[in-house]
Amino acid sequence: MSKYPLDPRQLMRENTRKQTVPKMDFLRYLALTRGIRKDPRFKLSNQEIVNGMVYFRDAAAMRNLQEIIQAHNTGSVPETEVKLQQEAKNEWMRKSDGITVEMTLDALENVRGPDGSGTYTARCISCAERGGDSDSNHLRFHPEKGLHCFAGCFAPQILGLIRMKTMEGSK
Ligand SMILES: [Zn+2]
C-alpha cells in the first residue's frame, strides 16, 4: 500500500466541509493498522464502524487516527505498540524456557507471516522429520498462543526440535 496521502487535519477538514465525522473505509483502516494491532486502541473491533466505514468521532479517536497515519507515513510503530509487541515476545521466551521468537523463526522452514493476528505459518519441524508437510502449512506459531501443528504433533516435541536445531546452529 502506498503512503497515506492525507494528513489527519486534511482528512478532518474535508469531512467537516460535508458536516460529517472523519471516517475511513474499513479495508483501508486494516491496511493502515497492519502490524500495530497488539494495542487494543487500534483493533478494528474497538472502532466505531457503520456501513463498512470507520468513524473517528471524538478527540481520543482522532488522536489514534493521527498515530496510525504517522506510523504508516514514517514506517515507525507507536510506542505503546512496541511495548505490547515486546511483552508478547517475552511471553514466548518464558513459555519456551529461553527460546526467543527470532530463534524460533530461524529454526523453521518456509516461514510466512505474521498475518493480521500475529500468527506465523511454516513447515512443521516435527512432520518434516518424517518427510511430511512438504507444502509447509501444518505449523502455526503465535508468540502468545504458542505452537500448533494441524497434523497433531505434540507442541513440546516441536519445541524440543526447535531447541535442538537452535543449539546445533550456535555451535
Ligand atoms: Zn507436525
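Residues numbered from 1 in each chain as written. Predicted model: local features only at pLDDT ≥ 70, side-chain atom pairs only at ≥ 80, totals over all residues.

1. What to know about the overall build of the protein
Here is step 1: Per the secondary structure count, the protein includes 7 helices and 7 strands.
Here is step 2: The order of α-helices and β-strands along the protein, N terminus first, is α-β-α-β-β-α-α-α-β-β-α-β-β-α.
Here is step 3: Here the protein holds 171 residues, and the buried ones make up 26% of them.
Here is step 4: The contacts of the protein with a sequence gap of at least 6 include a subset with a gap of at least 24, amounting to 51%. (Helix = DSSP H or I, 4+ residues; strand = E, 2+ residues; numbered from the N terminus. Buried ≥ 20, exposed ≤ 12 C-beta atoms within 10 Å, placed from the backbone. Contact = placed C-beta atoms within 7 Å.)

2. Quick word on unusual backbone geometry
Here is step 1: With an omega dihedral of 5°, the bond running from Gly-113 to Pro-114 counts as a cis peptide bond.
Here is step 2: Even without a glycine there, the phi angle at Asn-51 is positive, about 50°.

3. So, helix 2 (residues 26-33)
Here is step 1: Turning to helix 2, its buried residues are Tyr-29, Leu-32 and Thr-33. Looking straight down helix 2, one finds its buried side chains confined to an arc of 85°; they lie on one side.
Here is step 2: Elements that come into contact with the buried residues of helix 2 comprise strand 1 (23-25), strand 3 (53-55) and helix 3 (59-74).
Here is step 3: Just downstream of helix 2 lies Gly-35, where phi reads positive at about 90°. (Arc of directions from axis to C-beta.)

4. Comments concerning helix 4 (residues 79-95)
Here is step 1: With 17 residues, helix 4 should cover 24 Å at 1.5 Å per step; its first-to-last C-alpha distance of 25 Å lies within 8% of that length.
Here is step 2: Residue Asp-97 follows helix 4 closely and has a positive phi angle near 55°. (Expected span 1.5 Å × (residues − 1).)

5. Brief notes about the environment of Thr-100
Here is step 1: Residue placement: Thr-100 occurs in the loop between helix 4 and helix 5 (101-107).
Here is step 2: Put simply, Thr-100 and Pro-143 are 43 residues apart on the chain and 9.2 Å apart in space, counted from C-alpha to C-alpha.

Geometric descriptors of this kind do not, in isolation, establish any biological role.
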